[in-house]
Amino acid sequence: MLDHEKVAIHTGRRSRLPVIVAVHSTALGPAAGGLRLWHYPDWRDGLTDALRLSAAMTSKFAVAGLPSGGGKAVVALPEGLELDAERRRDVLHDVADAIASFGGAYATGPDVGTGPDDMAVIGEITSHVFCRPAHLGGSGDSSPHTAQGTLAALRAVSRRLYGTASLAGRSLAVVGLGRVGAGLARLLAAEGAALTVTDVDPDKRSTADELDAVWRSPDEILAANVDILVPAALGSVLTRQIVAELRCRAVVGPANNQLATLDVADLLHHRDIIWVPDHVASSGGVINAISTELHHVSADEAHARVRAIEDTVDDLLDTAQRCGQTPAQAASELAMRRLRAVSAPVGTP
Ligand code: PHE
């Protein structure tokens, strides 16, 4: 069953590439969610990704208590296709057309494969775009805020497991050194955490050296003997098989859609491994962008909202423990309650 409000698939007029925009829900407000510009074996895999990622955005906003809905855009690049500058502009303008056709029901932002400069190009055609560079009136790169939000989630988990919010002396394995992963690794190193890191791009080894971190291959790192595993790359890393091999006490990271299948959350719970739902641990970026660009709060207030992810995770872990649930169940019940509250007619109990 399709539970999305609207999904549009265009062949880009300029690029001839598949442009997908999925709006999962506008129950809480106009939908927002990033633009993923990524390679897929088939454009239908990009569609699957857009459907899952947009649904996760609905939960992300609901749990964060923000009046926005869930959406996502995906441009499914054929394997091996590299975009030169001109073609990239064409693609981004095609995405902008698709966004404009939603008439404000969806606004985009950066995601895997896109950044503030891309948002500037989209902004040439539509105003429904977050995170343009500051000189163009946007809130700029969202990744430092996503990293801060994940750090806040890690503090809550550390307090639960070790009685202190400080990550000094804790061992963490960061999987993926993209914009968010590398930023988070830097924050953790500055706090005195012992890091093991990886990336599919071997050039990122220089970041490991800079941070005095141990480098492992992407395959090895998941089973590393560390306190906390931090997925910060693409989704579906947590398979049934990987969960059996984990040697950490918690999994908390900014990657979207970490579970290969939903039952993996239960398997983690049975292994006594705390899993903070990815839509909570990754919400710092959107929280900052929406708070500053849509709600016009000060930078300080926006940062406070990002730091409040620590309280959100505290509450979820409390509720989960009290009710004998996984944190994922606690988060999904909270999201459902907030979504139901707006869809219920006034006066219903
Ligand atoms: N990539 C961001 C996320 O998954 C999406 C985003 C960031 C959307 C900033 C709007 C603004 O949360």
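With that settled, the discussion passes to the overall build of the chain. Regarding its fold elements, the chain presents 14 helices and eleven strands. Along the three orthogonal principal directions, the C-alpha set of the chain runs to about 60 × 50 × 40 Å. Looking at the 349 residues of the chain, the share that counts as buried comes to 53%. Excluding contacts between residues fewer than 6 apart, the proportion of contacts in the chain whose partners are at least 24 apart in sequence is 64%. Summing over all exposed atoms, the chain offers an accessible surface of approximately 15000 Å²; the carbon and sulfur share of this is 52%.

Taken as a whole, the chain is organised into domain 1 (6–56 + 69–132) and domain 2 (143–283 + 312–334). Distance between the C-alpha centres of domain 1 and domain 2: 27 Å. Tallying the contact residues gives eleven residues for domain 1 and seven residues for domain 2. Both faces considered, domain 1 and domain 2 share a buried interface measuring about 690 Å² in area, 42% of it formed by carbon and sulfur atoms. Together, Arg36, Arg52 and Ala56 form the three largest contributors to the area buried by domain 1 at its contact with domain 2, with a combined 53%.

Lining the immediate environment of the ligand, one finds 14 residues, of which Lys60, Lys72, Pro110, Asp111 and Asn256 sit closest. Residue Lys72 places a side-chain N or O atom 3.2 Å away from an oxygen atom belonging to the ligand. The backbone of Pro110 places a nitrogen or oxygen atom 2.8 Å from a nitrogen atom of the ligand. Protein chains bury 93% of the 330 Å² of accessible surface belonging to the ligand in isolation. Every element with two or more residues in the shell around the ligand is listed here: strand 3 (31–40), helix 1 (43–64), strand 5 (106–110) and helix 11 (284–293). Across the shell around the ligand, the residue classes break down as six nonpolar, five polar and three charged.

Here we take up the pairing of strand 2 (residues 18–25). Judged by how many residues are buried, strand 2 sits mostly within the fold: eight of eight residues are covered. Between strand 1 (residues 6–11) and strand 2, which pair antiparallel and follow one another directly, the connecting turn spans six residues, one of which, Arg16, has a positive phi of 60°. Where strand 2 lies against strand 4 (residues 69–78), six bridges are found, and the strand directions are antiparallel. Within strand 4, the residue paired with Val19 across the bridge is Val75.

Counting 82 residues, the largest nonpolar core has Val157 and Leu188 as the members making the most contacts within it. A total of eight residues in this core trace back to one element, the largest contributor, which is helix 4 (residues 143–162). Mapped onto the domain boundaries, this core takes at least three residues apiece from domain 1 (6–56 + 69–132) and domain 2 (143–283 + 312–334). With residues near it in sequence (within four places) discarded, Leu188 still touches Leu151, Leu154, Leu167, Leu172, Val174, Ala193 and Leu195.

This part covers the sheet that holds strand 2. Pairing within the open sheet is mixed, and its five strands lie in the order 1-2-4-3-5. The open sheet terminates on both sides in strands that have one partner only, identified here as strand 1 and strand 5. Averaged over all pairs of adjacent strands, the angle between strand axes in this sheet comes to 25°, irrespective of strand direction. With five bridges joining them, strand 3 and strand 5 adopt parallel strand pairing. Paired with Ala32 across the bridge in strand 5 is Ala107.

Let's shift gears to the packing of helix 13 (residues 309–323) against helix 14 (residues 327–343). Packing of helix 13 against helix 14 brings their axes to within 8 Å, and their N-to-C directions diverge by 110°. Classified by the angle between their axes, helix 13 and helix 14 sit roughly perpendicular to one another. Along its contact with helix 13, which presents Leu316, Leu317, Thr319 and Ala320, the element helix 14 presents Pro327, Ala330, Ala331 and Leu334.

The rules behind these values
- Residues numbered from 1 in each chain as written.
- Predicted model: local features only at pLDDT ≥ 70, side-chain atom pairs only at ≥ 80, totals over all residues.
- Heavy atoms only, no water.
- Helix = DSSP H or I, 4+ residues; strand = E, 2+ residues; numbered from the N terminus.
- Buried < 20%, exposed > 50% of the residue type's maximum accessible area, 1.4 Å probe, protein only.
- Contact = heavy atoms within 4.5 Å.
- Areas by Shrake-Rupley, 256 points an atom, 1.4 Å probe, with all protein chains shown as cover.
- Domains from an automatic or database assignment.
- Buried area = accessible area lost by both parts, 1.4 Å probe.
- Near = heavy atom within 4 Å.
- Polar contact = N/O pair within 3.5 Å; in protein donor to acceptor, adjacent residues only side chain to side chain.
- Nonpolar A, V, L, I, M, F, W, Y, C, P; charged D, E, K, R; others polar.
- Pairing = 2+ DSSP bridges.
- Core = buried A, V, L, I, M, F, W, Y, C linked by side-chain atoms within 4.5 Å.
- Axes fitted to C-alpha atoms, helices over the stretch in contact; angles between N-to-C directions.
- Parallel < 35°, antiparallel > 145°, perpendicular 65-115°, else oblique.

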